[in-house]
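# Structural features, examined
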Amino acid sequence: MKNLSRYLSLAGSALLIALLSVCQMAAATNPLNQPRGLALASNGNLYVANYGANNVLVFNPNYALVSSKTITAGVDKPTGVAFDSAGNLYVANIGTESVTQYSSAGVQNPTGTITAAINTPEYIAVDGLDNIWVNDGYLEVTIYAANDYPANTSQPAAYQNIFVPAGNVPIYAIALHNQFFAWGTVNQMVTQYATQALGSAGAGAWGGTADEALAAAFDSTGNLYYGNADNSVSFVNFSQGVTTFETLSFTPAGMVVDSTRGRVYISNQQGNAIEVYSTANGTLLKTIQ
């Protein structure tokens with residue numbers, strides 16, 4: 001009996017070691033480490049600000065990691081990624097308090113790094129005129145003039161304006177679609193003409209209820225998705241109002257919509273994953289890990 005007990009104990013230990021080994025292997029193969037901001041290239045590739053690993057990862061439309069496109073040069077605790085109309089990539093780095101610039105091939109232009117007036121960049125977006133919008137420390141949004149690649153090296157990147165909302169309320173997620181600018185705050189998601197933030201006259205803001213809107217993205221037709229601190233995701237069709245798109249098991253850290261393929265990508269920073277939902281019915285299509 002003692003030998004049998006010892007055998008069972010050894011077998012149990014071996015099983016535990018095997019299970020731990022499998023878990024460790026699974027963890028080792030997951031390239032995502034605290035993913036935050038997301039952006040889509042014109043070919044459908046998903047770019048991920050992989051905060052915990054100091055890189056930008058690229059996944060193809062089949063959800064496979066394209067390791068040859070991983071960007072590390074100039075990346076330091078990235079919080080956001082965004083493309084301009086020419087396919088150039090901009091990365092917000094909280095580690096160096098900068099925005100770094102890359103060609104559509106992923107090659108960094110070191111002289112195009114933006115540092116002026118950037119302080120703790122949390123989100124980044126690009127408008128229809130290729131102006132670059134950076135959320136600084138949840139306090140304000142700094143808007144930089146269109147920064148063609150490579151940047152003009154004769155003068156440092158300059159900003160056009162600093163947007164501070166009335167009442168100095170905090171600014172969480174930001175998103176842009178053509179001339180529209182959306183930003184989330186404590187209990188509201190606001191959408192207005194970008195010209196308002198640039199200091200020109202514009203139509204009054206639209207506001208919808210939110211619970212600390214922490215992630216936001218427009219689809220190709222101008223509908224808005226935003227994720228809340230209570231783990232819900234809201235959908236806004238501006239002619240019909242706000243509905244609940246999905247309830248998550250995590251707090252969203254980033255979001256982007258692929259209207260061509262009918263997908264909403266949402267970053268799960270705590271879970272080192274990206275969940276993909278159908279725009280048609282909110283069904284979970286894939287968990288990328």
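Residues numbered from 1 in each chain as written. Predicted model: local features only at pLDDT ≥ 70, side-chain atom pairs only at ≥ 80, totals over all residues. Heavy atoms only, no water.

## Considerations on the pattern of salt bridges
Taken as a whole, this structure holds two salt bridges when the rule is applied. The closest approach of N and O atoms between Glu-122 and Arg-36, which form a salt bridge, is 2.9 Å. Here Glu-122 is found in strand S7 (residues 121-126), whereas its partner Arg-36 is found in strand S1 (residues 35-40), with 86 residues between them in sequence. An identical accessibility class is assigned to Glu-122 and Arg-36; each is buried. A salt bridge links Arg-261 to Asp-258; the nearest nitrogen and oxygen atoms lie 3.1 Å apart. On the basis of relative accessible area, Arg-261 is assigned to the partly exposed category, the value being 33%. The buried category is assigned to Asp-258, whose relative accessible area is 4%. (Salt bridge = Lys/Arg side-chain N within 4 Å of Asp/Glu carboxyl O. Helix = DSSP H or I, 4+ residues; strand = E, 2+ residues; numbered from the N terminus. Buried < 20%, exposed > 50% of the residue type's maximum accessible area, 1.4 Å probe, protein only.)

## Concerning the pairing of strand S16 (residues 224-228)
The buried fraction of S16 is high, at five of five residues. Residues of S16 alternate between two faces, with Leu-224, Tyr-226 and Asn-228 on one and Tyr-225 and Gly-227 on the opposite face, all of them buried. The pairing of strand S15 (residues 213-218) with S16 spans five bridges and is antiparallel. Within the sheet, the bridge partner assigned to Ala-217 lies in S16 and is Tyr-225. Remark: three residues form the turn of the hairpin made by S16 and strand S17 (residues 232-237), two consecutive strands paired antiparallel; Asn-231 in that turn has positive phi of roughly 75°. (Pairing = 2+ DSSP bridges.)

## Looking at unusual backbone geometry
Residues other than glycine seldom take positive phi values, yet Gln-34 does so here, at roughly 55°. Mapped onto the secondary structure, Gln-34 falls in the loop between helix H1 (2-29) and S1. Accessibility expressed as a relative area gives 31% for Gln-34, which makes it partly exposed. With phi around 50°, Glu-212 is a residue other than glycine that occupies positive phi space. Structurally, Glu-212 can be placed in the loop between strand S14 (206-209) and S15.

## What about the confidence of the model for the chain?
The predicted model of the chain averages 88 in pLDDT, with 87% of residues at 70 or higher. Contacts of residues 2-11 to residues separated by more than four positions or lying in other chains number zero contacts, the stretch itself having pLDDT below 50. Within the model, pLDDT remains below 50 along residues 22-27, and this stretch shows zero contacts once partners closer than five positions in the same chain are excluded. (pLDDT = per-residue confidence, 0-100. Contact = heavy atoms within 4.5 Å.)

## Some points on the sheet that holds strand S3 (residues 55-59)
Note on sheets: strands pair through backbone hydrogen bonds, and any given pair is parallel or antiparallel. The sheet built from three strands is open, its strands ordered S1-S2-S3 with antiparallel pairing. Both outer strands of the open sheet, S1 and S3, are each paired with one neighbouring strand and no more. Here the strands of the sheet are splayed against their neighbours by 25° on average, with no regard to which way each runs. Examined bridge by bridge, S1 and strand S2 (residues 46-50) share four bridges and lie antiparallel to one another. In the strand pairing of S2, Pro-35 is matched with Asn-50. (Axes fitted to C-alpha atoms, helices over the stretch in contact; angles between N-to-C directions.)

## Comments concerning the sheet that holds strand S10 (residues 159-163)
Strand order in the open sheet made by the four strands is S7-S8-S9-S10, with antiparallel pairing throughout. In this open sheet, the two strands that pair with only one neighbour each are S7 and S10. Ignoring strand direction, the axes of neighbouring strands in this sheet form an average angle of 20°. Pairing of S7 with strand S8 (residues 132-136), which is carried by five bridges, proceeds in the antiparallel orientation. Residue pairing across strands places Val-126 opposite Ile-132, the latter belonging to S8.

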